[in-house]
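A look at the structure
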Amino acid sequence: MKRVLIVGVMGGGNVPANCLADAYQLGSLVAQQGWILLNGGRNAGIMAASSKGAAEHGGLTVGILP
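I will try to describe carefully the structure that is included in this document.

Before going further, it helps to spend a moment on the side chain of Ser-28. Considering the arrangement of structural elements, one finds Ser-28 in helix α1 (residues 17–32). A relative accessible area of 2% means that Ser-28 is categorised as buried. Of note is the side chain of Ser-28, whose polar atom sits 2.8 Å from the backbone oxygen of Gln-25. When neighbours within four sequence positions are excluded, Ser-28 is seen to be in contact with Gly-53, Ala-54 and His-57.

Below you can see the structure in the form of structure tokens.
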């Protein structure tokens, strides 16, 4: 039975543009590996950028709102 890796990505909502670019790239790499991206589900900052990167590269994202 193959196990799928789940990668948690958390970060601030108000961060510099270079951090958003890195988070987007991380999300895309997670998706390209076939892994699942897990974050807090916020539509801002690091979590939004990483989710967008994963989604735009065919990945599965899971957001857990408090």
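Now that the structure has been shown, we can carry on.
A few words now on the nonpolar core. Grouped together as the largest cluster of nonpolar side chains are nine residues: Val-7, Val-9, Ala-23, Val-30, Ala-31, Leu-37, Ile-46, Ala-49 and Ala-54. Of all elements in the fold, only α1 and α2 (45–55) reach the threshold of two or more residues within this core. In this structure Ala-49 touches Leu-20, Ala-23 and Tyr-24, once residues within four positions along its chain are discounted.

The next point concerns the side chain of Ser-51. With respect to the helices and strands, Ser-51 occurs in helix α2. Relative accessible area serves as the criterion here: at 18%, Ser-51 is assigned to the buried category. Leaving out residues up to four positions away in the same chain, Ser-51 has contacts with Leu-37, Asn-39 and Thr-61.

Definitions and cut-offs
- Residues numbered from 1 in each chain as written.
- Predicted model: local features only at pLDDT ≥ 70, side-chain atom pairs only at ≥ 80, totals over all residues.
- Heavy atoms only, no water.
- Helix = DSSP H or I, 4+ residues; strand = E, 2+ residues; numbered from the N terminus.
- Buried < 20%, exposed > 50% of the residue type's maximum accessible area, 1.4 Å probe, protein only.
- Polar contact = N/O pair within 3.5 Å; in protein donor to acceptor, adjacent residues only side chain to side chain.
- Contact = heavy atoms within 4.5 Å.
- Core = buried A, V, L, I, M, F, W, Y, C linked by side-chain atoms within 4.5 Å.

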